[in-house]
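Structural overview for review
One letter stands for each residue in the lines below.
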Amino acid sequence: MTSCPKQIVHYMHEYLDGEIENDAKEELKLHIETCEDCKHHYLELKKTIAFVQSASHIAAPAGFKARVMASLPRDKKKMGVERWLR
Ligand SMILES: [Zn+2]
């Protein structure tokens, strides 16, 4: 079994924050290349961060999308959903 250094997850966060030391970065890279579990965890983390960043970017104009959705007539919204379900 692979032993995962405890600090690896910590390094992942530092790396994604862009605040990682070079030594730690090398250690992280090396470990991710050899450990499927940590690689998977890292990719999930990266995906989540990318999603949160893009979502917060969309949400930037203060609930614009929510207002648009709320202003749509109810039957129009239903029609749209049914189209996707068909
Ligand atoms: Zn690992």
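For the structure itself, consult the block above.
All of the points below concern the structure found in this document. (Residues numbered from 1 in each chain as written. Predicted model: local features only at pLDDT ≥ 70, side-chain atom pairs only at ≥ 80, totals over all residues. Heavy atoms only, no water.)

1. Here's the deal with the packing of aromatic side chains
Inspection of the entire model under this criterion finds 1 aromatic pair. An angle of 50° between the planes, with centres 6.1 Å apart, marks the rings of Y15 and Y42 as tilted. Of this pair, Y15 sits in helix α1 (residues 7-17) while Y42 sits in helix α3 (residues 36-58); the two residues are 27 residues apart in sequence, bridging distant segments of the chain. With relative accessibility at 11%, the residue Y42 sits in the buried group. (Phe/Tyr/Trp six-rings, centres within 6.5 Å; stacked < 30°, edge-to-face > 60°. Helix = DSSP H or I, 4+ residues; strand = E, 2+ residues; numbered from the N terminus. Buried < 20%, exposed > 50% of the residue type's maximum accessible area, 1.4 Å probe, protein only.)

2. A few points about the coordination of the zinc ion
Distances from the zinc ion to its protein donors, C4 (SG), H31 (NE2), C35 (SG) and C38 (SG), fall at 2.0 to 2.3 Å. Its 4 donor atoms give the zinc ion angles of 98 to 114° at the centre, a pattern that matches the tetrahedral case. Mapped onto the sequence, the donors of the zinc ion take the spacing C-x26-H-x3-C-x2-C. Of the two residues, C4 sits in the segment before α1 while H31 sits in helix α2 (residues 22-34), which places them 27 residues apart along the sequence. Owing to a relative accessible area of 9%, H31 belongs among the buried residues under this scheme. (Donors = N, O, S within 2.8 Å, 3.2 Å for Na, K, Ca; no water. Tetrahedral: all angles 85-135°; square planar, octahedral: opposite > 155°, others 65-115°.)

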